[in-house]
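# Report on the structure
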Amino acid sequence: METGIKDFARPVEASAIMELLPARPRVLALGEPTHGEDTLLDLRNRLFRQLVEEQGYRTIALESDCLRALTVNAYVTSGEGSLDDVTERGFSHDWGGSQANRELVRWMRDFNADRPADDHVRFAGIDGPLEIAGAESPRQALTALHDYLTAHVDSALLPCTADRLDELLGTDEPWTNQAAMTDPSQSIGRTAETRELRLVADDMVTLLETQAPHLAAVSSPNDRDRAHLYGRTAVGLLRYHSWMADTSPSRMARLLATRDEMMAGNLLALAARGPVLVHAHNSHLQRDQSAMSMWGHPKVEWWSAGALVSMRLGDQYAHLATALGTMKHQGVDVPPQDTVEGILHALPEPQCVIDAAQLDAVAGGMPAVPRVSPYFGYAPLDPSHLPRIDGVVYVRDVPRD
C-alpha cells in the first residue's frame, strides 16, 4: 500500500497540480484545515508565485474581508500606502501580523512594480465584513455605492438621498454589538430602519443592472466592479444582520449559509476576470455539505462557497484539500495509521500533492476512518469527501512559527 502511494505522490508545484486536472481551472481552491499557521501560508505563497509565472494566474483571493482587501490591492497595484499600514488595515481576523501574509503582499508589489496595469497581479478578499463574533455596519458599502451612483446617474433614480441613507444607518455601535451574535434580542437586524435599508440596497443594486450600458460608457471597469462589490456586500450584510435577529432553530444555519453565499458571489465575480487562486478553510471550499457545532448548538449544516461555485463553473472549479500530519504545539500528534493522514504520514516527503481518486482507492481498501482532532481549531480530512476532491496536499509537520 505504501509503495502505491509513493508511485503517485508529487511535489507541491503548479505543474504537478495541473497534471491532476483536465484543464487549467478558472478557480483553483487551496483549502487549509486550520488557520494561522505560516507553514501552510508559505506553501500557498510559493504555489501562487508558480501559478503566476507558469500558468498565467493574476489574482489571489483569501478568506478575509473583501472591503479591507481593497486597501491591500491598492498597494500591490499602485504602491498606495506602506506595507506596514496595509497589512495592519487590509486583513481581517487579525491576519495582517502573519509574516507569510506580509511576504505575499511584498512579493506582489515587487512583481507589479515594472509591469503594465493589464499584467498586474491582484489581491482580493472573498469574506464579508464579518467575524465569528459578529458583523460590521453596512455603512461603508451602502455609502460607497450611493456615492458611485450619485456621480453617474440621474439623482431622481436613486431610492433615497445621502442624508436619508445616513439617517437610516444611525450610529455604528448597534450594528457592531457582539452580544447580538449569541442574543438575537440585541440585534438591529429587523428594525423598521433596517428593513427599509434592505429595500434601498436592493434598489441600488437593481440600478447598477438597469443602467449598465450607461455606466459602461461613463466609468471604468474597475470602478464598476467595485460598485458591484459594494452592492453584494451591502445586500449580504443586511441579510446577515436580519438573521442575527432571528430566534428560530434555523438561525445558525442561515448565518453560515449567508456568509458562504457572499463568499461565492465574490469568487464568481473575480473568476469572471480571469483565473484565481483562492485560499480559505476547507469547510468553505469543499463540494460536500459543511457542518459544525458551536455555542451549544447541535450540528449545523450548510453548503459552502466551494459547493456553490462548483455548481456554476463545473470542471472550471478545482479543490485541493490540505491535510496535515502533526501540529504538536496544538496537541496534534502523529495520526493513527487507519486515517487518511496516517496513510499519508508513511511517506518520507515533508510536503506532497496526491491525486484524490487514487488516494481514495487506497483509503477505501483499508478502509480509512475519520481522524479525531484534540484541537478544536483543526479539522481533519473526512475520507468520505475524497471522491469530490481533486487533489490532497499533505504537509507532514506544522511546527510552531
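- An unreviewed UniProt entry lists the protein chain under the name Erythromycin esterase, with Streptomyces variabilis as the source organism.

### A word on the pattern of salt bridges
- Under the counting rule described, the total for this entry stands at 19 salt bridges.
- Across the salt bridge formed by arginine 106 and glutamate 103, the nearest N and O atoms sit 3.3 Å from each other. Of the two residues, arginine 106 and glutamate 103 are both situated in helix α6 (residues 99–112); the distance of 3 residues between them amounts to about one turn of the helix.
- A salt bridge links arginine 164 to glutamate 196, with the nearest nitrogen and oxygen atoms 2.9 Å apart. With arginine 164 in helix α8 (residues 162–169) and glutamate 196 in helix α10 (residues 192–210), this pair connects stretches of sequence that are 32 residues apart.

### Description of the nonpolar core
- Judged by nonpolar contacts, the single largest core of 44 residues is most densely connected at Leu28, Phe48, Leu51, Ile60, Val105, Met108 and Phe123.
- Ranked by the residues each element gives to this core, the list is headed by helix α3 (residues 38–55), at 6 residues.
- Excluding its chain neighbours within four sequence positions, the residues that come into contact with leucine 28 are Ile17, Met18, Leu21, Leu51, Tyr57, Val276, Leu277, Val278, Ala318 and Leu320.

### Description of the pairing of strand β7 (residues 276–281)
- Most of β7 is tucked away: 6 of the 6 residues are buried.
- In the sheet, strand β2 (residues 27–32) pairs with β7 via 6 bridges, with the strands oriented parallel. Paired with leucine 28 across the strands is leucine 277, a residue of β7.
- Sheet analysis places strand β3 (residues 59–65) next to β7, joined by 4 bridges and oriented parallel. Opposite leucine 62, over in β7, you have histidine 279 as the bridge partner.

### Examining the packing of aromatic side chains
- Under the counting rule described, the total for this entry stands at 4 aromatic pairs.
- With a centroid separation of 5.4 Å and an interplanar angle of 70°, the aromatic rings of phenylalanine 91 and phenylalanine 123 are classed as edge-to-face. You can see phenylalanine 91 sitting in the loop between α5 (83–89) and α6 and its partner phenylalanine 123 sitting in strand β4 (residues 122–127), a full 32 residues away along the chain. Like phenylalanine 91, the residue phenylalanine 123 is buried in the burial classification.
- Summarising the aromatic geometry, the rings of tyrosine 375 and phenylalanine 376 are spaced 5.4 Å apart at their centres and angled 65° between planes, so their arrangement reads as edge-to-face.

### Focus on α10
- Along its 19 residues, α10 runs 27 Å from first to last C-alpha, staying within 8% of the 27 Å computed at 1.5 Å per residue.
- Among all positions of α10, only Thr194, Leu197, Val200, Ala201, Met204, Leu207 and Leu208 are buried. Along the axis of α10, the buried positions cluster into a sector of 125°, meaning they face one direction only. For α10, the exposed residues lying more than 90 degrees away from the buried face are Ala192, Arg195, Leu199 and Thr210.
- Where the residues of α10 are buried, they touch α7 (139–152), α8, α9 (173–176), α11 (212–218) and α12 (221–244).

### A few points about unusual backbone geometry
- With a phi close to 60°, histidine 93 is a non-glycine residue in the positive phi region.
- As for its position among the elements, histidine 93 is in the loop between α5 and α6.
- The phi dihedral of aspartate 94 falls on the positive side, at around 60°, and the residue is not glycine.
- Relative to the assigned elements, aspartate 94 resides in the loop between α5 and α6.

### Observations regarding the sheet that holds β4
- The strand order across the open sheet built from 8 strands is β1-β11-β12-β10-β2-β7-β3-β4, with neighbouring strands paired in mixed fashion. Strand pairing shows two members of the sheet lacking a second neighbour, β1 (9–10) and β4, which therefore form its edges.
- Note that β2 and strand β10 (residues 317–326) share 5 bridges and pair parallel. Directly across from valine 27, in β10, lies its bridge partner tyrosine 317.
- In the packing of α3 onto the sheet, the strands contacted are β2, β3, β7, β10, β11 (351–355) and β12 (391–397), and the crossing angle to β2 comes to about 165°.
- Strands β11 and β12 of the sheet are contacted by helix α17 (residues 356–365), whose axis makes an angle of about 85° with β11.

### Structural notes on the environment of leucine 165
- Here leucine 165 is to be found in helix α8.
- By relative accessible area, which is 1% here, leucine 165 ends up buried.
- Sequence spacing of leucine 165 and valine 392 is 227 residues, and the spatial spacing of their C-alpha atoms is 48 Å.
- Apart from residues lying up to four places away in sequence, leucine 165 is in contact with Leu142, Thr143, His146, Cys160, Leu197 and Val200.

Quick notes on the rules
Residues numbered from 1 in each chain as written. Predicted model: local features only at pLDDT ≥ 70, side-chain atom pairs only at ≥ 80, totals over all residues. Heavy atoms only, no water. Salt bridge = Lys/Arg side-chain N within 4 Å of Asp/Glu carboxyl O. Helix = DSSP H or I, 4+ residues; strand = E, 2+ residues; numbered from the N terminus. Core = buried A, V, L, I, M, F, W, Y, C linked by side-chain atoms within 4.5 Å. Buried < 20%, exposed > 50% of the residue type's maximum accessible area, 1.4 Å probe, protein only. Contact = heavy atoms within 4.5 Å. Pairing = 2+ DSSP bridges. Phe/Tyr/Trp six-rings, centres within 6.5 Å; stacked < 30°, edge-to-face > 60°. Expected span 1.5 Å × (residues − 1). Arc of directions from axis to C-beta. Axes fitted to C-alpha atoms, helices over the stretch in contact; angles between N-to-C directions.

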